[in-house]
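Letter by letter, the chains look like this.
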Amino acid sequence: MFVVGLGIAMAFVAARFTGILVLGVFGYYATRPICRRMRKLVDSNRLAAAFTALVVLLPIFLLLSVLVVRAVQRVQQFLNGSDAVSLLGQLPSLDSLSSAQRQQLRTLLSDPTALLSGQGGALLSNGDLILQALQATFNTILILGLALTLAYVLLAKDTGLADAFVELVGGRETTTYAYAAAVDEDLESVFFGNLLFASIMAVVAVVVYWTTNLLAPQGLQIPLVLVLGFLTGVASLVPVVVGKIVYVPVVAYLGLQALRSGSGGVTFVLAALVVYVLVLDLLPQAVVQPYVSGRQFDMTLLLFAYILGPMALGWPGFFLFPILFILVLEAVRIVLPELLHGEQPRPTARLDTESGTDPVEERDDVPTAAGDNAGEVSTSDDGTDSTDPQIGGDSSSSDSD
């Protein structure tokens, strides 16, 4: 009962800090292959983990922050223009505002910095807004900092944690170990593949958008090339969707520019659409994604996980739901069939599916047959246990620190 109580308490804490935990787990699995290679070079778990966290994860977080600030600046430049103020007459909801409030809104649209100088008036409480902005900034920095720290701890201590887990479950020949090993491999395959694929797509998208501006006729330009390229890379994390959610609005924006200019740019916009579909959609899904992802998963199920996650839990659901999907998938493949038939669970995947890790192929110590030898550890010709790649760590560097 005491242990159950501790488990409930830890579950409560985890629920309160879901964003930090899932972001840290994502950072760990997305960069673990890089950290393993670094361990072979520096022969130190901590140095390799620090290098991976500071050189790989931290720049990603900083790049995200810079691009967000850049996007805000461009929006602010738009609001400073006369076009933004002219939109006031097209908003019917402004009829409910008093003349003083309308004037305050015009002031804020013409000069958003007036809010910081105390000219926001009664329309907006500048003190509350500033406090909310500062609180949101602090919370974001805190979440990113703690997630980065968690990823570093997991990268530096994963070998020791894996050894402790093996002792806890009773050895590497158990069903629990086979299940955990399969989940471990799947999470790395999905998250590392996602990070690599998103990075490649972001670079390709920036090049494509920049080339579009270079070749576009007079009056056709794509704004915020770096921001849109980064968003295209992020959108590529969602299977099937890939870059459609970004490049389709970009093409629509170019189409509006072509219609307004009347310079015959519609043909160029249609050609750009064809290029975007090929370079930012079809070819990445057919060639790049299978190559960098390593193991094939059912893209339809992952699509639901990536879309329903944010709808249910906000941004943490984007990382949490794929983790839950993998946990459920491997439980159904490895544990559920025997439980439904009242049999002892075995460390093999009896359910034949196209998704997930085969514990027999991925873990040499897992029995190679599901029959009478299901409970035995496979051995080599000389009678010794076969080599086992550990959960969460690289066996070649287990003796380094």
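Residues numbered from 1 in each chain as written. Predicted model: local features only at pLDDT ≥ 70, side-chain atom pairs only at ≥ 80, totals over all residues. Heavy atoms only, no water.

Peer 1: How should I be thinking about the overall build of the chain in this particular structure?
Peer 2: The number of helices and strands found in the chain is 13 helices and zero strands. From first element to last, N terminus to C terminus, the chain shows the α and β order α-α-α-α-α-α-α-α-α-α-α-α-α. Burial statistics for the chain: of 401 residues in total, 39% are counted as buried. Of the accessible surface of the chain, which amounts to about 21,800 Å², a share of 67% is contributed by carbon and sulfur atoms. (Helix = DSSP H or I, 4+ residues; strand = E, 2+ residues; numbered from the N terminus. Buried < 20%, exposed > 50% of the residue type's maximum accessible area, 1.4 Å probe, protein only. Areas by Shrake-Rupley, 256 points an atom, 1.4 Å probe, with all protein chains shown as cover.)

Peer 1: Looking at this model, I keep getting lost on the confidence of the model for the chain. Mind explaining?
Peer 2: Detailed reading of the predicted coordinates is not advisable wherever pLDDT falls low. For the chain, the mean per-residue pLDDT works out to 75, and 67% of the residues sit at or above 70. Confidence, read as mean pLDDT per element, is least for helix α4 (residues 82–86) in the chain (46) and greatest for helix α1 (residues 2–16) (94). Confidence over residues 112–124 falls short of pLDDT 50; this stretch has 24 contacts with residues more than four positions distant or in other chains. Every residue in residues 395–401 is under pLDDT 50, and counting partners more than four places away or in other chains gives 13 contacts. (pLDDT = per-residue confidence, 0-100. Contact = heavy atoms within 4.5 Å.)

Peer 1: Teacher, can you tell me more about the packing of aromatic side chains here?
Peer 2: To describe a pair of aromatic rings, one takes the distance between the centres and the angle between the planes. The full count for this structure, using the stated rule, is seven aromatic pairs. Relative to Phe191, the ring of Phe26 has its centre 5.2 Å away and its plane inclined at 75°; by these criteria the two rings are edge-to-face. Of this pair, Phe26 sits in helix α2 (residues 18–42) while Phe191 sits in helix α7 (residues 175–215), and the two are 165 residues apart along the sequence. A relative accessible area of 14% means that Phe26 is categorised as buried. Judged by relative accessible area, which is 1%, Phe191 ranks as buried. These aromatic residues form a ring-pair network of at least three members: Phe26, Phe191, Tyr306, Phe318 and Phe319. (Phe/Tyr/Trp six-rings, centres within 6.5 Å; stacked < 30°, edge-to-face > 60°.)

Peer 1: Could you clarify how one ought to interpret the side chain of Asn213 in this entry?
Peer 2: Of note, Asn213 is situated in helix α7. Since its relative accessible area comes to 15%, Asn213 is described here as buried. At 2.5 Å, the side chain of Asn213 forms a polar contact with the backbone nitrogen of Ile222. (Polar contact = N/O pair within 3.5 Å; in protein donor to acceptor, adjacent residues only side chain to side chain.)

Peer 1: Sorry, what's going on with the environment of Ile20 here?
Peer 2: As for its position among the elements, Ile20 is in helix α2. The spacing of Ile20 and Leu142 is 122 residues in sequence and 9.0 Å in space, taken between C-alpha atoms. With near-sequence residues (within four places) excluded, Ile20 lies in contact with Ile143, Leu146, Ala147 and Leu150.

Peer 1: Is there a simple way to think about the pattern of salt bridges in this case?
Peer 2: Side chains that differ in charge, positive against negative, can pair when their charged atoms come close. In the structure shown here, the tally under the stated rule is seven salt bridges. In this structure, the salt-bridge partner of Glu188 is Arg32, at a minimum N-O distance of 2.4 Å. Taken together, the positions of Glu188 in helix α7 and Arg32 in helix α2 put the pair 156 residues apart, joining distant regions of the chain. Notably, a salt bridge pairs Arg172 with Asp163, separated by 3.9 Å at the nearest N-O pair. Judged by its relative accessible area of 31%, Asp163 is partly exposed. (Salt bridge = Lys/Arg side-chain N within 4 Å of Asp/Glu carboxyl O.)

Peer 1: Would you take a moment to explain the packing of α7 against helix α8 (residues 225–235) for this structure?
Peer 2: The angle between the axes and the distance between the axes are what describe a pair of packed helices. Viewed as axis vectors pointing N to C, α7 and α8 meet at an angle of 145°, and their least axial separation amounts to 7 Å. The way α7 lies across α8 gives a crossing that is right-handed. Two secondary-structure elements touch here, α7 through Ala198, Met201, Ala202, Ala205, Val206, Tyr209, Trp210 and Asn213 and α8 through Val225, Leu226, Leu228, Gly229, Phe230, Thr232 and Gly233. Taken together, the residues of the contact of α7 with α8 break down into eleven nonpolar, four polar and no charged. (Axes fitted to C-alpha atoms, helices over the stretch in contact; angles between N-to-C directions. Left-handed = near helix turned anticlockwise from the far one by under 90°. Nonpolar A, V, L, I, M, F, W, Y, C, P; charged D, E, K, R; others polar.)

Peer 1: Is there a simple way to think about the layout of surface pockets in this case?
Peer 2: Rolled over the atoms, a probe with the dimensions of a water molecule shows which regions are left empty. In this structure, the largest pocket occupies an estimated 960 Å³ of space. What lines the largest pocket is a set of 32 residues, and nearest its centre among them are Ile60, Leu64, Phe230, Val234 and Leu237. Where the lining of the largest pocket is concerned, the elements lending two or more residues are α2, α3 (45–80), α6 (126–169), α7, α8 and α12 (316–340). Per element, the largest residue contribution to the lining of the largest pocket is eight residues, and it comes from α3. The residue inventory of the lining of the largest pocket, partitioned by class, reads 26 nonpolar, six polar and no charged. Those elements that provide at least two residues to the lining of the second largest pocket are α2, α6, α7 and α12. (1 Å grid on protein atoms, 1.4 Å probe; cavity = no way out; pocket = protein on both sides within 12 Å on 5 of 7 lines; lining within 4 Å. Points joined across faces, edges and corners; volume = space filled by probe spheres on them.)

Peer 1: Would you mind going over α8 with me for this structure?
Peer 2: Think of an α-helix as turning once every 3.6 residues; residues three or four places apart then point the same way. Counted residue by residue, α8 has eight buried out of eleven residues, so it is predominantly covered. When we look at burial in α8, the residues that qualify are Val225, Val227, Leu228, Gly229, Phe230, Thr232, Gly233 and Ala235.

Peer 1: Looking at this structure, I do not really get the packing of α7 against α12. What am I missing?
Peer 2: In the contact formed by α7 and α12, the axes pass within 9 Å of each other and the chain directions differ by 140°. Regarding the angle of α7 to α12, the classification is oblique. The chirality of how α7 crosses α12 is right-handed. Within the contact between the two elements, α7 uses Thr175, Ala178, Tyr179, Ala182, Val183, Asp186, Leu187, Val190 and Phe191 and α12 uses Phe319, Pro322, Ile323, Ile326, Leu327, Glu330, Ala331, Ile334 and Val335. (Parallel < 35°, antiparallel > 145°, perpendicular 65-115°, else oblique.)

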